[in-house]
Amino acid sequence: MADQQPTRTGSVSRKTNETSVTVSVNIDGTGTSRISTGVGFFDHMLEQLSRHSLIDMDIVADGDRHVDDHHTVEDTGIAIGQALSKALGDRRGITRYASLDLAMDETMTRAAVDVSGRPFLVWNVAFSAPKIGTFDTELVREFFQALAQHGGITLHVQNIYGANNHHISETCFKAVARVLRTATEIDPRQAGRVPSTKGTLV
């Protein structure tokens, strides 16, 4: 009987005085999602993250939105990162690295990732307005900072050019989705090894 790849899933429930967030992910999914954070634009971006990474995501968040959206967005990023880290385990056999230039209309954004267990974010993205609708554009960085920190991911994101802030944000989410898809995929040539000369990533 052929060996079967273990299911790479992870779930996290996080509750604080500011938010209650529950996240489940399946790295080997098809990009289906059920997302409800109460922040419409953010839900739209998370749907892109799931669909283009092919990572199934169930996300429910209830935060102190009477204050603003900051805690909801940040804590959702924390929970997704933690769930991804659980699903990856010791990261044995993964491709580990990926990079991509992603185009959307007038906008081009580059993302590069090392799913190494070492968190780091390099963010070179500027928005020309403080809001997209009612959503604070500065929260895009806060989300990816939380995701990288708690997912054990080195992540570099650079907007090369673009005029429309919605497009700039969306290309960030889509580009990160695509590099996560590639980097977390199982590389058959690794034959189950940890992709590091040290023998461990975490």
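Heads up: the structure comes first, above all this text.
Here we summarise the structure given alongside this text. Since this is a predicted model, take the numbers as computed values, not measurements. (Residues numbered from 1 in each chain as written. Predicted model: local features only at pLDDT ≥ 70, side-chain atom pairs only at ≥ 80, totals over all residues. Heavy atoms only, no water.)

Comments concerning the overall build of the protein chain
- The helix and strand inventory of the protein chain stands at four helices and ten strands.
- Its helices and strands in sequence order give the protein chain the pattern β-β-β-α-β-α-β-β-β-β-β-α-β-α, from N to C terminus.
- Here the C-alpha radius of gyration of the protein chain, 16 Å, is about what a compact globule of 202 residues would show, namely 17 Å.
- Projected onto its principal axes, the C-alpha coordinates of the protein chain cover approximately 55 × 40 × 30 Å.
- Put simply, the protein chain has 202 residues, and 50% of those count as buried.
- Pairs at least 24 residues apart make up 77% of the contacts formed inside the protein chain by residues separated by at least 6 positions. (Helix = DSSP H or I, 4+ residues; strand = E, 2+ residues; numbered from the N terminus. Rg over C-alpha atoms; globule rule 2.2 N^0.38 Å. Buried < 20%, exposed > 50% of the residue type's maximum accessible area, 1.4 Å probe, protein only. Contact = heavy atoms within 4.5 Å.)

Some points on the nonpolar core
- Core analysis: the largest hydrophobic core is formed by 52 residues, its most contacted members being Leu46, Val113, Phe143, Phe144 and Leu155.
- With nine residues, the single largest contributor to this core is helix α4 (residues 165-184).
- In contact with Phe144, not counting residues within four places along its chain, are Leu121, Trp123, Leu155, Cys172, Phe173 and Val176. (Core = buried A, V, L, I, M, F, W, Y, C linked by side-chain atoms within 4.5 Å.)

Some thoughts on the sheet that holds strand β2 (residues 19-26)
- Pairing is mixed in the open sheet, where four strands are placed in the order β1-β2-β4-β3. Looking along the sheet, the strands with just one partner apiece sit at the ends: β1 (9-15) and β3 (33-36). In this sheet, adjacent strand axes meet at a mean angle of 5 degrees when their direction is disregarded.
- With seven bridges connecting them, β1 and β2 associate as antiparallel partners. For Thr9, the partnering residue across the bridge sits in β2 and is Asn26.
- Sheet strands in contact with helix α1 (residues 40-53) are β3 and β4 (56-63), and its direction is about 160 degrees off that of β3. (Pairing = 2+ DSSP bridges. Axes fitted to C-alpha atoms, helices over the stretch in contact; angles between N-to-C directions.)

Some points on the environment of Gly63
- In this structure, Gly63 sits in strand β4.
- Taking C-alpha positions, Gly63 is 33 Å from Glu185, a pair spaced 122 residues apart along the chain.
- Every residue in contact with Gly63, bar those within four places of it in the chain, is listed here: Glu18, Thr19 and Thr72.

Quick notes on the pattern of salt bridges
- Following the criterion strictly, the structure yields eleven salt bridges and no others.
- One salt bridge in this structure joins Asp90 and Arg92, with 3.2 Å as the shortest N-O distance.
- Exposure remark for Asp90: the relative accessible area of 37% places this residue in the partly exposed category.
- On the accessibility criterion, Arg92 (43% relative accessible area) is partly exposed. (Salt bridge = Lys/Arg side-chain N within 4 Å of Asp/Glu carboxyl O.)

Quick word on unusual backbone geometry
- Even without being a glycine, Leu54 presents a positive backbone phi close to 60 degrees.
- Relative to the assigned elements, Leu54 resides in the loop between α1 and β4.

Here's the deal with the pairing of β3
- Sheet topology places β3 next to β4; four bridges connect them, and they run parallel. From the neighbouring strand, Arg34 faces β4, where its bridge partner is Asp58.
- This β-α-β element, β3 to α1 to β4, shows left-handed connectivity. (Right-handed = clockwise from strand over helix to strand, strands pointing away.)

Let's talk about the packing of aromatic side chains
- Applying the stated rule across the entire model yields seven aromatic pairs.
- Taking the centre distance of 5.3 Å and the plane angle of 25 degrees together, the rings of Phe143 and Phe173 count as stacked. Within this pair, whereas Phe143 is found in helix α3 (residues 138-151), its partner Phe173 is found in helix α4, the two being separated by 30 residues in sequence.
- Given the relative accessible area of 0%, Phe143 is considered buried. (Phe/Tyr/Trp six-rings, centres within 6.5 Å; stacked < 30°, edge-to-face > 60°.)

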